[in-house]
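A look at the structure
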Amino acid sequence: MSSTTADHSKAQPAPPGVMVIFGAGGDLARRKLFPALYHLMTDGLLAENFRIIVVDRRDRDAEAYRAYIDEKARPHVSKAITDDLWQELLQRIHYLNGDFQQADTYTRMSTLLDEIDRDHHTGGNCLYYLATPPDFFGDIATRLHAAGLSAEGPDQWRHLVVERPFGRDLESARALNRTLQAAFKEDQIFRIDHYLGKETVQNILMYRFANSTVEPIWNHRYIDHMQITVAESIGVGTRGAYYETAGAMRDMVPNHLLALLSTVTMEPANSLDGNAVRDEQAKILRAIQPILPEQVLTDVVRGQYAEGIDSKGEHVPGYRSEARVASDSATETFVAMKVLIDSWRWAGVPFYLRTGKRLPGRFTEIVVQFKQAPNMMFRDSLVRREQVPPNTLVLRIQPNEGIGLSFNAKVPSTVPQLSPVEMDFSYSDYFGDGPTTGYETLLYECMNGDPTLFKRADVIESGWELVEPILDVWQALPPRDFPNYAAGSWGPKEAEALMSRDGRGWRPCKACSID
Ligand code: BG6
């Protein structure tokens, strides 16, 4: 993370350049990319001579595309829109009508880039953003290379941004990495995991390493276990076709959940330099104990939602009745698992991860549960050991972003009595401003060539190494009990058992409809 990440109000505008968006007619461009560009512009972080080329197969022109973005992206802009500024952003759009599987598109792109560079002094810098289905990633990178568009001249950068999924297993991830690296150098490739763009995720490192009270107790001596939950109340929606090929494990675990796990467990890096931080993340991921086939049955739980009542009290269909989902689908929409990390710091500390769709609320949080106080000096009092719950620290990633600490305090009374109480830090109280898309920081860092928040090839591959044996066992043993949880519930009962077997329990969600 560059020092600029920490305080955007003091940051300089990104260098000039052209952002080329492939798949500009899709969801990502209108929901995330254009709102993020606008937010950067309002913060003065976009260069005056920054331009955008949208590549789209549809036969329309720049004016038609601007009207489309005006209508479709506006609702996703969270900051107040100033008409002049919004129009200025739209006027920076150039339209390239073409099929990104045709060589001719790249020839015309090269000519257009030269023209833009001449007219707008973009320094020959380019950010190629692949907002396309993943099947096209390798091909587009290869074609950019073949057209001479990946080569960087002196004092010039050409960066390739790839959105996940990065492959669907270890082999395909490796193959994709090889193809991308044949076309671009590793330091030109920026693999996005949008969880790393979230302010609250970036704050975990700041919180851990900028506070002297935290790090001394951040280890197996004081921490009993951690829980990482990424719960979603929505179902699979219109993404049934994709989800059938992915499932909750591929969709969330090797990327988002492991990004959270590595951030909360990594060793301090020597500096905030991109590779120093990523080296530590890679090291901790490599230290996760491999899950053996026989452990899959005990330490990993899968689930699929049946119909039920969602968090708004509405009746919703089961996964198998969603559009473009097989009526006998074996795809999991819920995963819970326990992992251990073989390191000095984390020896014996279990990490429980869970994620799922159609749960009782949308929230992402990391619960750090500390060990109980070693000695109860209240032995002869009314306070019994089980009435002294262990301290917990909750890092709330979303919503209601913040950090809460619960500890025990004496209830005012003549007899000694304890009660758990909470201290709470909320982002909005301190810093105002609602959450942005998360893409602002990622785009800005990519233009500045800072790779810290992006995934390196080895990090991606470590993620797949962990989950692949699980996927293999699941494929060999199709689920017999699907669907096994009602929409609006906390997932299959085995997820509770995963914790209760160890004498622990998931922390109830205060903001959700049911616990
Ligand atoms: C995406 C997954 O990467 O992350 C989706 O493909 C999921 O299935 C989404 O809904 C969750 O992201 P967020 O930021 O809403 O927590």
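Higher on the page you've got the structure.
A few points on the structure. (Residues numbered from 1 in each chain as written. Predicted model: local features only at pLDDT ≥ 70, side-chain atom pairs only at ≥ 80, totals over all residues. Heavy atoms only, no water.)

**Description of the sheet that holds strand β8 (residues 300-303)**
Taking strand neighbours across the sheet as the criterion, the eight strands line up as β8-β12-β13-β7-β14-β15-β16-β17 in an open arrangement whose pairing is mixed. Each edge of the open sheet is held by one strand with a lone partner, namely β8 and β17 (418-426). Strand-to-strand, the axes of this sheet are offset by a mean angle of 15 degrees, without reference to chain direction. As defined by bridge partners, strand β16 (residues 402-410) adjoins β17 across nine bridges and the pair is classed as antiparallel. Counterpart to Leu405 in the pairing with β17 is Met423. Along the sheet face, helix α8 (residues 199-209) touches β14 (363-370), β15 (392-398) and β16 and points at about 145 degrees away from the line of β15. Docked against the sheet, helix α15 (residues 493-500) engages β7 (223-231), β8, β12 (334-339) and β13 (351-356), running at close to 15 degrees with respect to β12. (Pairing = 2+ DSSP bridges. Helix = DSSP H or I, 4+ residues; strand = E, 2+ residues; numbered from the N terminus. Axes fitted to C-alpha atoms, helices over the stretch in contact; angles between N-to-C directions. Contact = heavy atoms within 4.5 Å.)

**What to know about the packing of helix α5 (residues 103-120) against helix α6 (residues 137-146)**
Geometry of a packed helix pair, given as the angle between the helix axes and the separation of the axes. At a minimum axis distance of 10 Å, the contact between α5 and α6 shows a crossing angle of 55 degrees. Taken together, the axes of α5 and α6 lie oblique to each other. In the crossing of α5 with α6, the sense of the turn from one axis to the other is right-handed. Along its contact with α5, which presents Ala103, Tyr106 and Met109, the element α6 presents Ile140, Arg143 and Leu144. In the contact of α5 with α6, the residues fall into five nonpolar, no polar and one charged. (Parallel < 35°, antiparallel > 145°, perpendicular 65-115°, else oblique. Left-handed = near helix turned anticlockwise from the far one by under 90°. Nonpolar A, V, L, I, M, F, W, Y, C, P; charged D, E, K, R; others polar.)

**Quick look at the sheet that holds strand β2 (residues 50-56)**
The strand order β3-β2-β1-β4-β5-β6 describes an open sheet built from six strands, whose pairing is parallel. On the outer flanks of this sheet lie β3 (93-97) and β6 (189-192), each paired with one strand and no other. The mean inter-strand angle of the sheet, taken between neighbouring strand axes irrespective of direction, is 20 degrees. Examined bridge by bridge, strand β1 (residues 17-22) and β2 share six bridges and lie parallel to one another. Within β2, the position partnered with Ile21 by the bridge is Val54. Packing of helix α7 (residues 170-183) onto the sheet brings it into contact with β5 (158-163) and β6, and relative to β6 it is tilted by some 145 degrees. Contacts between helix α13 (residues 439-447) and the sheet are confined to β1, β2, β4 (126-130), β5 and β6, with β4 contributing the most and set at about 140 degrees to the helix.

**Side note on the packing of aromatic side chains**
Evaluated as defined, the whole model comprises 22 aromatic pairs. Measuring from ring centre to ring centre gives 5.5 Å for Tyr65 and Tyr68, while their planes differ by 45 degrees; the resulting arrangement is tilted. With a gap of three residues between them, Tyr65 and Tyr68 both fall in helix α3 (residues 62-73), about one helical turn apart. As far as burial versus exposure is concerned, Tyr65 and Tyr68 are alike and both buried. Aromatic ring contacts, followed pair by pair, group Tyr242, Tyr243, Tyr305, Tyr319, Phe334 and Tyr485 into a single cluster. The cationic tip of Arg60 hangs over the ring face of Tyr68; the distance from NZ or CZ to the ring centre is 4.6 Å. Directly above the aromatic system of Tyr195 lies the positively charged group of Lys198, at a separation of 4.6 Å from the ring centroid. (Phe/Tyr/Trp six-rings, centres within 6.5 Å; stacked < 30°, edge-to-face > 60°. Buried < 20%, exposed > 50% of the residue type's maximum accessible area, 1.4 Å probe, protein only. Lys NZ or Arg CZ within 6 Å of the ring centre and 35° of its normal.)

**Here's the deal with the pairing of β6**
Residues Ile189 and Arg191 of β6 are buried on one face, and the alternating residues Phe190 and Ile192, pointing to the opposite face, are buried as well. Two elements, β5 and β6, share four bridges in a ladder whose sense is parallel. Along β6, the bridge assignment pairs Glu163 with Ile192. What joins β5 to β6 is α7, and the crossover it makes is right-handed. (Right-handed = clockwise from strand over helix to strand, strands pointing away.)

**Topic: the environment of Leu96**
Locating Leu96 in the fold gives a position in strand β3. Along the sequence, Leu96 and Ile21 sit 75 residues apart, while their C-alpha atoms lie 9.8 Å from each other.

**A word on the site of the ligand**
The environment of the ligand is made up of Arg164, His194, Tyr195, Lys198, Glu232, Arg239, Asp251, Met252, His256, Lys357, Arg362 and Gln398. Here an oxygen atom of the ligand sits 2.6 Å away from a polar atom, N or O, in the side chain of Arg164. Between the ligand and the protein, one listed contact pairs an oxygen atom with a side-chain N or O atom of Gln398 at 2.8 Å. For the ligand, whose unbound accessible area comes to 400 Å², protein coverage reaches 83%. For the shell around the ligand, the leading source of residues is helix α9 (residues 240-265), giving three residues. Taken together, the residues of the shell around the ligand sort by class into two nonpolar, three polar and seven charged. (Near = heavy atom within 4 Å. Polar contact = N/O pair within 3.5 Å; in protein donor to acceptor, adjacent residues only side chain to side chain. Areas by Shrake-Rupley, 256 points an atom, 1.4 Å probe, with all protein chains shown as cover.)

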